[in-house]
Amino acid sequence: MSKQELEKVAANGLINRRHLLGLGLAGMGTVASTSLLGADAGLNLEIPGWSKAPGANASGYGSRSRFTDDMQRMAGNPNPLYPGGGSSRSPLHQLHGSITPNSLHFERHHAGIPDIDPAQHKLVIHGLVRQPLVFSYEDLLRYPMVSKIYFLECSGNSGSLFGPNPADGSAQSLHGLVSGAEWTGIPLSTLLDEAGVYPEARWINAVGADAASMGRSIPLNRAMDDVMLALFQNGEPVRPGQGYPMRLFVPGCEGNISVKWLTQIKLTREPTHFRDETSKYTDTRLDRKSQQFTFPMGTKSVITAPSGQMKLERQGIYQVTGIAWSGRGSIRRVEVSADGGRTWADAMIDSHQSEKALARFRIPWQWSGGDAVLQSRATDSQGNVQPTRTSLVTEKGNISTYHFHGIQSWAVNTAGDVANVYA
Ligand SMILES: Nc1nc2c(c(=O)[nH]1)N[C@H]1C(S)=C(S)[C@@H](COP(=O)(O)O)O[C@H]1N2
Ligand SMILES: [Mo]
């Protein structure tokens, strides 16, 4: 198909979504027919070695193809002054779909990953309750559970975009503290109801069993809503890095309040004002007052390909793709621009949209070798629209660098290099 036949939907190469079908793939090689179907004369297909002899046996626990070993989380350098503190980031630029494999789910630990024996772990619910309760892991496995797909994002994700100059980074290094998974667990309301919460209780205070003594206060009405005690992630027991044997999961909210290795919930009248809700994870405003308890994450999206530090090797059609999410609902719309936000076109979003989950978007784009600035802008089911970086930084200032959800700009130059820019 010639260039003239492509239906433009916005300036600088954005084209109708139907062009993703059967177009732009030419030039990547002819589609091979299989040996079973017989090769067309002239294609000269050879039967590869792996088709001629039986392969490896089935195994008790699977592993990925050795050809995908380059897909790795990116971990920060260990800091000897802060043992166990650190994070690892999901390789957003290599992932597709809207679920992150457990081995690539981002991690954030304040005192490393404890090696917890579930037979010895206890969850205690106490404070302003009629009947304090102690649960073992075995006890909890007997409760009715629910499964829901949610994103999890660290409030520090994308924080470098508050900085005065754009960092030379990738989708992974700049935005990799977000992941998506199906979480299975017990609605927290079930356990709180069993303990019998006194009417004067207003907050739950959750504490983890790791050496960070991570604690967070959460309003009781939120805790009674969609918060769960998560025991499984993408169908398998929550991994040690994610809080084995159990974690609190607070959908849509800053990752920090989803306390891992959960061991205590105390019901109180007032929040505790733990370290991680006073000196950390607060937003210091332009008037120098700090706002506490910023829970829901903003309406946000990021193009994961093409993205920072990639190189477009040849002109032609690319699938621009990325993820979008909102702490306040589902993603209703994602628009993409190839000219730095002057013109926009709607991207396709997969139909199975759930609340507070990652949504995958895609739109075809024809790169003709010129300069471009790719951006995406999400709108959620409540009508919240992702702000530009400039308006976010103007409104919030950059005294603290939590909760960035502005629009990311990826510049493509005539050599095909993709870089983080402020547009
Ligand atoms: N007990 C405990 N819970 C914790 C943390 C921690 O260090 N200890 N880190 C928090 C932070 S800052 C985030 S962003 C999320 C990260 O969850 P993940 O490692 O499963 O991605 O867990 C939160 N829960
Ligand atoms: Mo975090």
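Note that the structure is a prediction, hence the values are computed from the model and not measured.

Colleague: Break down the packing of aromatic side chains for me, citing the residues and quoting the values.
Modeller: Using the criterion set out here, one finds 10 aromatic pairs in the structure. Where F293 meets F295, the ring centres are 5.8 Å apart and the plane angle is 50°; that geometry is what we call tilted. On the basis of relative accessibility, which here comes to 3%, the residue F295 falls in the buried class. An aromatic cluster is built from Y150, W183 and F249, whose rings are joined through pairwise contacts. The ring of W344 carries the charged tip of R377 above its face, separated from the ring centre by 4.0 Å. Here the guanidinium or amino end of R389 rests over the ring plane of Y422, the centre of that ring lying 3.5 Å away.

Colleague: Before we move on, could you go through the side chain of E107 and cite the residues and values that matter?
Modeller: Checked against the element boundaries, E107 lands in strand β5 (residues 107-109). Judged by relative accessible area, which is 13%, E107 ranks as buried. In terms of polar contacts, E107 uses its side chain to reach the side chain of S88, at 2.6 Å. When neighbours within four sequence positions are excluded, E107 is seen to be in contact with R73, G86, S87, S88, I113, L177, G241 and Q242.

Colleague: So what's going on with the site of ligand 1? Which residues, and what values?
Modeller: Ligand 1 sits among 21 residues. The nearest are F106, H110, D210, R247 and K260. In this structure, F106 approaches ligand 1 through a main-chain N or O atom, which is 2.7 Å from an oxygen atom. Separating a nitrogen atom of ligand 1 from a backbone N or O atom of S258 is a distance of 3.1 Å. When ligand 1 sits alone it has 530 Å² of accessible area, and the protein chains cover 100% of it. A per-element tally of the shell around ligand 1 places β5 first, with three residues. For the shell around ligand 1, the class distribution of residues is seven nonpolar, nine polar and five charged.

Colleague: Which residues make up the sheet that holds strand β11 (residues 215-219), and what values do they have?
Modeller: The strand order across the open sheet formed by five strands is β7-β6-β15-β10-β11, and the pairing between neighbours is mixed. The open sheet has two free edges, formed respectively by β7 (133-136) and β11, since each of these has just one partner strand. For this sheet the average axis-to-axis angle between neighbouring strands, irrespective of direction, equals 15°. As judged from the five bridges shared by strand β10 (residues 203-208) and β11, these two strands associate in the antiparallel manner. In the strand pairing of β11, I204 is matched with I218.

Analysis parameters
- Residues numbered from 1 in each chain as written.
- Chains lettered and ligands numbered in written order.
- Predicted model: local features only at pLDDT ≥ 70, side-chain atom pairs only at ≥ 80, totals over all residues.
- Heavy atoms only, no water.
- Phe/Tyr/Trp six-rings, centres within 6.5 Å; stacked < 30°, edge-to-face > 60°.
- Buried < 20%, exposed > 50% of the residue type's maximum accessible area, 1.4 Å probe, protein only.
- Lys NZ or Arg CZ within 6 Å of the ring centre and 35° of its normal.
- Helix = DSSP H or I, 4+ residues; strand = E, 2+ residues; numbered from the N terminus.
- Polar contact = N/O pair within 3.5 Å; in protein donor to acceptor, adjacent residues only side chain to side chain.
- Contact = heavy atoms within 4.5 Å.
- Near = heavy atom within 4 Å.
- Areas by Shrake-Rupley, 256 points an atom, 1.4 Å probe, with all protein chains shown as cover.
- Nonpolar A, V, L, I, M, F, W, Y, C, P; charged D, E, K, R; others polar.
- Pairing = 2+ DSSP bridges.
- Axes fitted to C-alpha atoms, helices over the stretch in contact; angles between N-to-C directions.

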